[in-house]
Amino acid sequence: MNLHIFDTAEQIAVAVGNMMIEQLNEKPESVMGFATGASPVPTYKYLIKCFNEGKVSFKDMTTFNLDEYCDLPVEDKNSYFTFMHENLFNHIDVKEENVNFLNGNAEDSEAECVRYDNLIDEKKIDVQLLGIGQNGHIGFNEPADKFTKGSFKVQLTQSTIDANSIYFDENPMPHYALTMGTVSIMKSKKIILIATGASKADAIYGLVNGEITPNCPASILQVHPDVHIFMDKAAAAKL
Ligand code: F6R
């Protein structure tokens, strides 16, 4: 594992953004896995800035997002589809037909997960960006007795509901989501994880120094051959 510790979230954004830009400049048709949540937002802002300065193009990139809520209209302000468009896709030259999401409203969620995994297996993700939950989740792979495999429908834990319900005012936060599974994430050629703030310190300890256990789903990253963890000092405090 490659550990990178910085003072500020902005410095992390520049370092992660530059790693992604290098990938896209070397291989414009790269397949990129994106995450939502607060952690990657400064990186997305930096990517938009570099795009506006002509330092990178996304026109041949294919994207896969990690997860999507169930039972939430795709145009809702809190859907991950809306999040990615508002925070990145609407501001760059990615082609909409190359943007892939799990459909959280699919009638047959199992078939939808198989469709998504088959597409990922066909395209192969070059770089997967991740955040980490306070409980060690990646995507919506919550602490459990077993590591998950492919994409699946998950019941969110109270910890995740508490952390994310701050974004929901009119509609209640959904309690289910579709997510890429642990095996789907581990198939990515390179993984970049961003963690900032003291609330992530225990999860980062579990990820880096803890036992490899489904109780801390991120700990599986210890056996991936190309992982970069970008942290601020508060998130790295327990290492
Ligand atoms: C988001 C996702 C989640 C978040 C995690 C951290 O697509 O899959 O695993 O990365 O909950 O969220 P933030 O960055 O908001 O602390």
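Preceding this paragraph is the structure being described.
Owing to the predicted nature of the structure, the values given are computational and were not obtained by experimental measurement. (Residues numbered from 1 in each chain as written. Predicted model: local features only at pLDDT ≥ 70, side-chain atom pairs only at ≥ 80, totals over all residues. Heavy atoms only, no water.)

Draft legend 1. Spatial organisation of the site of the ligand. Contacts to the ligand come from 13 residues, most closely from Ser 39, Asp 67, His 137, Gly 139 and Lys 200. One nitrogen or oxygen atom from the side chain of Ser 39 is found 2.5 Å from an oxygen atom belonging to the ligand. Within the backbone of Gly 139, one N or O atom sits 2.7 Å away from an oxygen atom of the ligand. Against a free-state accessible area of 410 Å², the protein chains account for coverage of 90% of the ligand. With respect to the detected pockets, the ligand is housed in the largest pocket. Class assignment of the residues belonging to the shell around the ligand gives a composition of 4 nonpolar, 7 polar and 2 charged. (Near = heavy atom within 4 Å. Polar contact = N/O pair within 3.5 Å; in protein donor to acceptor, adjacent residues only side chain to side chain. Areas by Shrake-Rupley, 256 points an atom, 1.4 Å probe, with all protein chains shown as cover. 1 Å grid on protein atoms, 1.4 Å probe; cavity = no way out; pocket = protein on both sides within 12 Å on 5 of 7 lines; lining within 4 Å. Sits in = over half its atoms within 2 Å of the grid points. Nonpolar A, V, L, I, M, F, W, Y, C, P; charged D, E, K, R; others polar.)

Draft legend 2. Focus on the packing of aromatic side chains. A complete count under the given rule lists 10 aromatic pairs for this structure. Taking 5.9 Å as the distance between ring centres and 65° as the angle between the ring planes, the aromatic pair formed by Phe 34 and Phe 89 counts as edge-to-face. Taken together, the residues Phe 34 in strand β2 (residues 31–34) and Phe 89 in the loop between α3 (80–87) and β5 (99–100) connect sequence positions 55 residues apart. The exposure classification of Phe 34 matches that of Phe 89, with both residues buried. An aromatic cluster of three or more residues is present, and its members are Tyr 69, Tyr 80, Phe 140 and Phe 168. If you follow Lys 153 out to its NZ or CZ, it ends over the ring of Tyr 176, 5.4 Å from the centre. (Phe/Tyr/Trp six-rings, centres within 6.5 Å; stacked < 30°, edge-to-face > 60°. Helix = DSSP H or I, 4+ residues; strand = E, 2+ residues; numbered from the N terminus. Buried < 20%, exposed > 50% of the residue type's maximum accessible area, 1.4 Å probe, protein only. Lys NZ or Arg CZ within 6 Å of the ring centre and 35° of its normal.)

Draft legend 3. Structural detail: the nonpolar core. Grouped together as the largest cluster of nonpolar side chains are 40 residues, with contacts concentrated most on Phe 34, Leu 88 and Phe 89. Elements supplying a minimum of two residues to this core: α1 (9–26), β2, α2 (41–52), α3, β6 (127–130) and β9 (190–195). When neighbours within four sequence positions are excluded, Phe 89 is seen to be in contact with Phe 34, Thr 63, Asn 65, Met 84, Val 94, Val 99 and Phe 101. (Core = buried A, V, L, I, M, F, W, Y, C linked by side-chain atoms within 4.5 Å. Contact = heavy atoms within 4.5 Å.)

Draft legend 4. Layout of the layout of surface pockets. Its boundaries defined by the atoms lining it, the largest pocket holds a volume of some 730 Å³. Taken together, 33 residues make up the lining of the largest pocket; nearest its centre are Thr 36, Gly 37, Ala 38, Asn 164 and Tyr 167. Mapped onto the lining of the largest pocket, the elements with two or more residues apiece are β4 (67–69), α3 and α5 (158–164). (Points joined across faces, edges and corners; volume = space filled by probe spheres on them.)

In short, the description is geometric, and any link to function would need to be established separately.
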